[in-house]
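# Structural description and commentary
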Amino acid sequence: MNMEAAAIHLPPMARFAIVMFLLLATPYAARRLHIPAVVGYILVGIVVGPHVLSVLPGNSKVGEFFAELGKLLLMFFVGLEIDMQQFRENSRKSLVFGLATFTLPMVAGTAIGLIFGYSPLSAILIGSLLASHTLIAYPIVLKAGLARSLPVTVTVGATILTDMLSLLVLAVCVTTHKSGFSTESLAIQLAELGLFIFLMVFVLGRTGRWLFKRLGQTDEASFALMLGIVGVGAALAETLHLEGILGAFLAGIAVNEAVRDTSAKEKIEFLGNVFFIPCFFIVTGFLVDVRIFASTLSSQAALVASIVFGLLASKWLAAQAVGRAWKYPAATRGLMASLTFPQVAATLATAIVGYQAVNAAGERLLDERMLNAVLVLVVVTSVVGPILTERYARRVTDKSLSASPASPLPHNGRNATSA
């Protein structure tokens, strides 16, 4: 019996025990190897996943559910940790940085697509793949005490804009590819997006605050309410053909001030950070087929290099341009850039939807070589982004931040390099 067959016959509790051991050992091993724990979990997923050792199956419904919940909780926690007063005061900066870190990668990706022979519509979708980003390195800045600093708040706020615009481009491209461009369809999609934001921030926000006041008197009730609100936000987003992470993120913003100082918030964050979010990173590693990864690197080296370099260069330039305009120190600009490097949830979702979109002539919106190139991009940026975030987080101190005219980090008595 080979290893893959043995893995299939492993009893559920044996698999659970393996996962628990991995969750225990990975942070320790990551510290010894001087890499972020996030990177460690992804590498573990590659090794124990279906394409290498097959210790854990890649098609487990339970594993997929845990990973999905972990992805949603990651974005929910990002929304919860935003300093809403600071966000309101600096929403214009989030808008500026969001437009910069969306537009430059969008232009770069579109140009790369056209250079490598893709149609204008496919090239635009490739640009949107590079324009979004996933805040998988957020736990690093949270641990470093920088979650409520101005640069991080601006970067998180910019994520709202980049992901919404990228998903809107996806919706327009898929509709146009299948049935042709329609002004009416575009207007409907824009209206749905506006309705979604209104429902999440205003309707769900007020309803959530009322529910927490009336029903959330105990930790158990508050815990259940928070999980329920995450589910509602994700389900509503998917109903409107948006990515669930966007709903979870806005759900965190909606109930931010109602739960910020509650013990239930600390407990759900503990459970998410210890179990569900690591499961998301491990399952992300399952997607990497080492053979296809190596084959794509060798046979499509120019395309892969262009996609990866185009993403890193454009995101870096956006952070540098905006950061210099605001007179942020070099370490702060680097931190903002590194947070926008990782391409995971929204990028993978967009690439898969584009690959599955087939028109009447049987043509795919994105072909297999681009799908594999995106997979390489996900792996590279998921490793490079957190490593650089940890490096810059150590360099960003209270002293260097407060020296900036914009005062990116308020004095809270906590050293940015703690933990």
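Notes on the structure follow.

What counts as what
- Residues numbered from 1 in each chain as written.
- Predicted model: local features only at pLDDT ≥ 70, side-chain atom pairs only at ≥ 80, totals over all residues.
- Heavy atoms only, no water.
- Helix = DSSP H or I, 4+ residues; strand = E, 2+ residues; numbered from the N terminus.
- Rg over C-alpha atoms; globule rule 2.2 N^0.38 Å.
- Buried < 20%, exposed > 50% of the residue type's maximum accessible area, 1.4 Å probe, protein only.
- Salt bridge = Lys/Arg side-chain N within 4 Å of Asp/Glu carboxyl O.
- Phe/Tyr/Trp six-rings, centres within 6.5 Å; stacked < 30°, edge-to-face > 60°.
- Lys NZ or Arg CZ within 6 Å of the ring centre and 35° of its normal.

### Some points on the overall build of the chain
Helix and strand content of the chain: 20 helices and 0 strands. For a compact globule of 419 residues, the expected C-alpha radius of gyration is about 22 Å, and the chain comes in at 21 Å, within 12% of that figure. Counting only C-alpha atoms, the chain reaches 55 × 55 × 40 Å along its principal axes. The proportion of buried residues among the 419 residues of the chain is 53%.

### Topic: helix H12 (residues 244–254)
Extensive coverage of H12 is indicated by the burial of 11 of its 11 residues. If you check which residues of H12 are buried, you get Gly 244, Ile 245, Leu 246, Gly 247, Ala 248, Phe 249, Leu 250, Ala 251, Gly 252, Ile 253 and Ala 254.

### So, the pattern of salt bridges
Per the counting criterion, the structure on display carries 4 salt bridges. Here Lys 71 ties to Glu 68 by a salt bridge, and the two come within 3.2 Å at their closest N and O atoms. Highlighted residues: Lys 71 and Glu 68, both in helix H4 (residues 61–81), separated by 3 residues, approximately one helical turn. Taking the shortest distance from any N to any O, the salt bridge between Lys 267 and Asp 219 comes out at 2.8 Å. Taken together, the positions of Lys 267 in helix H14 (residues 263–286) and Asp 219 in helix H11 (residues 219–239) put the pair 48 residues apart, joining distant regions of the chain.

### Considering the packing of aromatic side chains
Here the distance between the centres and the angle between the planes together describe a pair of aromatic rings. One pass over the full model with this rule turns up 9 aromatic pairs. Between the aromatic rings of Phe 65 and Phe 66, the centroid separation amounts to 6.1 Å while the plane-to-plane angle is 50 degrees, which identifies the pairing as tilted. Take Phe 65: its relative accessible area is 51%, and that puts it in the exposed class. Arranged with centres 5.6 Å apart and planes meeting at 35 degrees, the rings of Phe 198 and Phe 202 form a pair that is tilted. You can see Phe 198 and its partner Phe 202 sitting in helix H10 (residues 183–214), 4 residues apart, about one turn around the helix. Looking at Phe 198, the relative accessible area reads 44%, which means it is partly exposed. Here Phe 202 falls in the partly exposed class, since its relative accessible area comes to 44%. Members of the aromatic cluster, each reached through a chain of ring pairs, are Phe 65, Phe 66, Phe 275 and Phe 276. A cation over a ring is seen here: Arg 364 above Tyr 355, with NZ or CZ 4.1 Å from the ring centre. One Lys or Arg, Arg 391, reaches over the ring of Tyr 392 and ends 5.5 Å from the middle of that ring.

Geometric values such as these leave the question of function open.
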